[in-house]
Amino acid sequence: MITVGAIHSGATSMAPVLEKAMQPLFSEFRLINIIDDSLIHTVIKDGKVTEKTVHRVVDLAEALVLAGADVVVDTCSSIGEATEIADRILEKPIVRIDQGMVNEAVSCYNKIGVLASLSTTLLPTVDCVNKTASRQGKTVQIAYIVADGAFQKWIEGDPAAHDDLCVEAAKSLGDVEIILLAQASMMRVQERIAAETGKMVISSPDYCARQLREMFPKA
(Lines give C-alpha, C1' and ligand atoms only; values in the text may rest on other atoms or scores of the structure.)
Protein backbone atom coordinates (compact mmCIF):
# COMPACT_ATOMS: atom_id res chain seq x y z
CA MET A 1 0.00 0.00 0.00
CA ILE A 2 1.20 3.49 -0.84
CA THR A 3 0.90 6.35 1.64
CA VAL A 4 0.60 9.75 -0.01
CA GLY A 5 1.09 12.95 1.94
CA ALA A 6 -0.52 16.11 0.60
CA ILE A 7 0.19 19.77 1.34
CA HIS A 8 -2.84 22.03 0.89
CA SER A 9 -2.39 25.80 0.85
CA GLY A 10 -6.05 26.76 0.82
CA ALA A 11 -8.76 26.62 3.45
CA THR A 12 -10.52 24.06 1.25
CA SER A 13 -8.58 20.81 1.03
CA MET A 14 -8.03 19.18 -2.35
CA ALA A 15 -7.94 15.78 -0.62
CA PRO A 16 -11.31 14.54 -1.98
CA VAL A 17 -10.27 15.44 -5.54
CA LEU A 18 -6.92 13.67 -5.21
CA GLU A 19 -8.57 10.63 -3.63
CA LYS A 20 -11.08 10.40 -6.48
CA ALA A 21 -8.29 10.58 -9.06
CA MET A 22 -6.29 7.84 -7.32
CA GLN A 23 -9.10 5.36 -6.69
CA PRO A 24 -9.22 3.85 -10.21
CA LEU A 25 -5.45 3.37 -10.25
CA PHE A 26 -4.66 2.01 -6.77
CA SER A 27 -6.41 -0.91 -5.13
CA GLU A 28 -5.28 0.37 -1.75
CA PHE A 29 -3.74 3.64 -0.61
CA ARG A 30 -3.69 6.03 2.33
CA LEU A 31 -3.81 9.81 2.06
CA ILE A 32 -2.57 12.02 4.90
CA ASN A 33 -2.95 15.78 4.74
CA ILE A 34 -1.58 19.03 6.09
CA ILE A 35 -3.47 22.27 5.50
CA ASP A 36 -1.69 25.61 5.88
CA ASP A 37 -4.03 28.18 4.41
CA SER A 38 -1.62 31.01 5.16
CA LEU A 39 0.80 29.76 2.50
CA ILE A 40 -1.11 31.02 -0.52
CA HIS A 41 -1.85 34.35 1.17
CA THR A 42 1.85 34.75 1.94
CA VAL A 43 2.81 34.08 -1.69
CA ILE A 44 0.16 36.53 -2.90
CA LYS A 45 1.41 39.20 -0.49
CA ASP A 46 5.07 38.65 -1.39
CA GLY A 47 4.37 38.24 -5.10
CA LYS A 48 6.73 35.26 -5.28
CA VAL A 49 8.05 32.27 -3.37
CA THR A 50 10.54 33.60 -0.84
CA GLU A 51 13.24 31.76 1.09
CA LYS A 52 10.99 31.80 4.15
CA THR A 53 8.19 30.11 2.20
CA VAL A 54 10.63 27.48 0.92
CA HIS A 55 11.60 26.66 4.51
CA ARG A 56 7.95 26.33 5.48
CA VAL A 57 7.18 23.98 2.59
CA VAL A 58 10.23 21.85 3.37
CA ASP A 59 9.12 21.61 7.00
CA LEU A 60 5.56 20.62 6.01
CA ALA A 61 6.83 18.00 3.57
CA GLU A 62 9.24 16.61 6.17
CA ALA A 63 6.40 16.36 8.69
CA LEU A 64 4.43 14.24 6.21
CA VAL A 65 7.46 12.04 5.55
CA LEU A 66 7.91 11.55 9.30
CA ALA A 67 4.22 10.62 9.47
CA GLY A 68 4.88 7.79 7.03
CA ALA A 69 4.36 9.27 3.56
CA ASP A 70 6.08 7.42 0.72
CA VAL A 71 5.62 10.49 -1.48
CA VAL A 72 4.39 14.03 -0.86
CA VAL A 73 2.18 15.95 -3.28
CA ASP A 74 2.09 19.73 -3.23
CA THR A 75 -1.45 20.57 -4.36
CA CYS A 76 -0.70 24.29 -4.87
CA SER A 77 1.01 25.23 -8.13
CA SER A 78 1.96 28.66 -6.76
CA ILE A 79 4.57 27.06 -4.48
CA GLY A 80 5.94 24.67 -7.12
CA GLU A 81 9.42 26.17 -6.86
CA ALA A 82 9.54 25.35 -3.16
CA THR A 83 8.36 21.83 -3.90
CA GLU A 84 11.24 21.24 -6.29
CA ILE A 85 13.71 22.37 -3.62
CA ALA A 86 12.09 20.12 -1.02
CA ASP A 87 12.40 17.21 -3.44
CA ARG A 88 16.15 17.75 -3.63
CA ILE A 89 16.51 17.94 0.16
CA LEU A 90 14.27 15.22 1.59
CA GLU A 91 14.68 11.46 1.39
CA LYS A 92 11.26 10.81 -0.12
CA PRO A 93 10.00 12.22 -3.45
CA ILE A 94 8.10 15.51 -3.29
CA VAL A 95 6.06 16.20 -6.42
CA ARG A 96 4.12 19.10 -7.84
CA ILE A 97 0.49 18.27 -8.54
CA ASP A 98 0.85 19.83 -11.99
CA GLN A 99 4.00 17.98 -13.11
CA GLY A 100 2.18 14.98 -14.60
CA MET A 101 -0.16 17.28 -16.53
CA VAL A 102 2.77 19.28 -17.87
CA ASN A 103 4.64 16.09 -18.83
CA GLU A 104 1.65 14.99 -20.89
CA ALA A 105 1.23 18.34 -22.62
CA VAL A 106 4.90 18.74 -23.53
CA SER A 107 5.15 15.14 -24.76
CA CYS A 108 2.15 15.39 -27.08
CA TYR A 109 1.76 19.03 -28.14
CA ASN A 110 3.83 21.93 -29.47
CA LYS A 111 1.48 24.88 -28.89
CA ILE A 112 0.50 24.98 -25.23
CA GLY A 113 -1.83 27.40 -23.50
CA VAL A 114 -1.78 28.04 -19.75
CA LEU A 115 -4.82 29.49 -17.99
CA ALA A 116 -4.73 30.69 -14.38
CA SER A 117 -7.20 32.48 -12.15
CA LEU A 118 -4.43 33.67 -9.84
CA SER A 119 -1.37 35.57 -11.05
CA THR A 120 1.03 33.87 -8.60
CA THR A 121 0.19 30.51 -10.19
CA LEU A 122 0.72 31.54 -13.80
CA LEU A 123 4.48 31.99 -14.02
CA PRO A 124 5.34 28.90 -11.91
CA THR A 125 3.25 26.79 -14.30
CA VAL A 126 4.79 28.40 -17.38
CA ASP A 127 8.23 27.83 -15.84
CA CYS A 128 7.35 24.19 -15.26
CA VAL A 129 6.40 23.84 -18.93
CA ASN A 130 9.70 25.39 -20.05
CA LYS A 131 11.78 23.21 -17.71
CA THR A 132 9.94 20.08 -18.78
CA ALA A 133 10.39 20.91 -22.46
CA SER A 134 14.11 21.45 -21.87
CA ARG A 135 14.41 18.06 -20.15
CA GLN A 136 12.58 16.42 -23.04
CA GLY A 137 14.71 18.24 -25.62
CA LYS A 138 11.68 19.94 -27.15
CA THR A 139 10.86 23.47 -28.22
CA VAL A 140 7.29 24.50 -27.44
CA GLN A 141 5.27 27.66 -27.95
CA ILE A 142 3.46 28.87 -24.84
CA ALA A 143 0.56 31.30 -24.62
CA TYR A 144 -0.69 32.23 -21.18
CA ILE A 145 -3.28 34.40 -19.49
CA VAL A 146 -4.75 35.16 -16.07
CA ALA A 147 -8.52 35.32 -15.79
CA ASP A 148 -8.50 38.66 -14.02
CA GLY A 149 -10.83 38.80 -11.06
CA ALA A 150 -11.77 35.11 -11.18
CA PHE A 151 -9.95 34.13 -8.00
CA GLN A 152 -11.53 36.99 -6.11
CA LYS A 153 -14.97 35.87 -7.26
CA TRP A 154 -14.15 32.36 -6.07
CA ILE A 155 -13.19 33.43 -2.56
CA GLU A 156 -16.24 35.71 -2.45
CA GLY A 157 -18.42 32.65 -2.98
CA ASP A 158 -19.47 33.40 -6.57
CA PRO A 159 -18.37 30.32 -8.53
CA ALA A 160 -20.57 31.15 -11.52
CA ALA A 161 -18.78 34.47 -12.04
CA HIS A 162 -15.44 32.70 -11.54
CA ASP A 163 -16.32 30.21 -14.27
CA ASP A 164 -17.50 32.90 -16.71
CA LEU A 165 -14.26 34.84 -16.33
CA CYS A 166 -12.19 31.68 -16.85
CA VAL A 167 -14.05 30.79 -20.01
CA GLU A 168 -13.67 34.26 -21.49
CA ALA A 169 -9.96 34.31 -20.70
CA ALA A 170 -9.49 30.86 -22.28
CA LYS A 171 -10.98 32.17 -25.53
CA SER A 172 -8.13 34.71 -25.68
CA LEU A 173 -5.38 32.10 -25.80
CA GLY A 174 -5.53 31.92 -29.58
CA ASP A 175 -4.05 29.18 -31.71
CA VAL A 176 -3.05 26.66 -29.04
CA GLU A 177 -3.48 22.90 -29.26
CA ILE A 178 -4.12 22.31 -25.57
CA ILE A 179 -5.02 24.41 -22.53
CA LEU A 180 -3.55 23.62 -19.11
CA LEU A 181 -5.52 24.73 -16.07
CA ALA A 182 -2.87 26.10 -13.73
CA GLN A 183 -4.83 25.41 -10.54
CA ALA A 184 -6.41 22.11 -9.56
CA SER A 185 -9.42 24.03 -8.26
CA MET A 186 -10.19 25.15 -11.82
CA MET A 187 -11.10 21.65 -12.94
CA ARG A 188 -14.76 22.45 -12.17
CA VAL A 189 -14.85 24.53 -15.38
CA GLN A 190 -12.71 22.18 -17.51
CA GLU A 191 -15.52 20.67 -19.60
CA ARG A 192 -17.15 24.03 -20.26
CA ILE A 193 -13.89 25.57 -21.46
CA ALA A 194 -13.32 22.61 -23.78
CA ALA A 195 -16.85 22.92 -25.17
CA GLU A 196 -16.67 26.68 -25.74
CA THR A 197 -13.13 26.83 -27.14
CA GLY A 198 -13.01 23.56 -29.05
CA LYS A 199 -9.60 22.88 -27.49
CA MET A 200 -8.21 19.99 -25.50
CA VAL A 201 -8.32 21.10 -21.85
CA ILE A 202 -6.64 19.22 -19.01
CA SER A 203 -6.28 19.70 -15.26
CA SER A 204 -3.73 18.31 -12.85
CA PRO A 205 -5.34 15.80 -10.41
CA ASP A 206 -5.85 12.89 -12.83
CA TYR A 207 -2.37 13.27 -14.30
CA CYS A 208 -0.84 13.53 -10.85
CA ALA A 209 -2.48 10.21 -9.95
CA ARG A 210 -1.05 8.67 -13.13
CA GLN A 211 2.40 10.00 -12.24
CA LEU A 212 2.14 8.40 -8.79
CA ARG A 213 1.11 5.11 -10.40
CA GLU A 214 4.20 5.22 -12.62
CA MET A 215 6.42 6.06 -9.65
CA PHE A 216 5.04 3.17 -7.58
CA PRO A 217 4.12 0.44 -10.10
CA LYS A 218 4.00 -2.30 -7.44
CA ALA A 219 1.92 -0.39 -4.86
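In case you missed it, the structure is sitting above this.
In this text the structure is predicted, and so the values were computed from the model without any measurement.

Participant: Can you break down the pairing of strand S6 (residues 141-146) residue by residue, with the values?
Facilitator: Inspection of the sheet shows strand S5 (residues 111-116) paired to S6 by six bridges, in the parallel sense. Counted as the bridge partner of Ile112 is Ile142 from S6. This β-α-β element, S5 to helix H6 (residues 119-136) to S6, shows right-handed connectivity.

Participant: Kindly report on the packing of helix H5 (residues 99-108) against helix H10 (residues 204-215), identifying the contributing residues and their values.
Facilitator: Running from N to C, H5 and H10 point in directions that differ by 90°, and their axes come no closer than 6 Å. Viewed along their axes, H5 and H10 adopt a mutual orientation that is roughly perpendicular. Together, Gln99, Gly100, Met101 and Glu104 of H5 and Ser204, Tyr207 and Gln211 of H10 make up the contact between the two elements. Split into classes, the residues belonging to the contact of H5 with H10 amount to two nonpolar, four polar and one charged.

Participant: Explain the layout of surface pockets to me, and be specific about the residues and the numbers.
Facilitator: Put simply, the largest pocket is a space of about 590 Å³. Lining the largest pocket are 26 residues, and of these Gly10, Thr12, Phe151, Trp154 and Ser185 lie nearest its centre. Of all the elements, helix H7 (residues 150-155) adds the most residues to the lining of the largest pocket, at three residues. Residues of the lining of the largest pocket, tallied by class, amount to 12 nonpolar, 12 polar and two charged.

Participant: So what about the packing of H5 against H6? Which residues, and what values?
Facilitator: Closest axis-to-axis distance for the H5/H6 pair is 9 Å, and the angle between their directions is 55°. By the criterion of interaxial angle, the relationship of H5 to H6 is oblique. Classified by chirality, the crossing of H6 by H5 is right-handed. The segment H5 lies against H6, with Gln99, Val102, Asn103, Val106 and Ser107 engaging Cys128, Val129, Thr132, Ala133, Arg135 and Gln136. Here the contact of H5 with H6 is composed, by residue class, of five nonpolar, five polar and one charged.

What counts, and at which threshold
- Residues numbered from 1 in each chain as written.
- Predicted model: local features only at pLDDT ≥ 70, side-chain atom pairs only at ≥ 80, totals over all residues.
- Heavy atoms only, no water.
- Pairing = 2+ DSSP bridges.
- Helix = DSSP H or I, 4+ residues; strand = E, 2+ residues; numbered from the N terminus.
- Right-handed = clockwise from strand over helix to strand, strands pointing away.
- Axes fitted to C-alpha atoms, helices over the stretch in contact; angles between N-to-C directions.
- Parallel < 35°, antiparallel > 145°, perpendicular 65-115°, else oblique.
- Contact = heavy atoms within 4.5 Å.
- Nonpolar A, V, L, I, M, F, W, Y, C, P; charged D, E, K, R; others polar.
- 1 Å grid on protein atoms, 1.4 Å probe; cavity = no way out; pocket = protein on both sides within 12 Å on 5 of 7 lines; lining within 4 Å.
- Points joined across faces, edges and corners; volume = space filled by probe spheres on them.
- Left-handed = near helix turned anticlockwise from the far one by under 90°.

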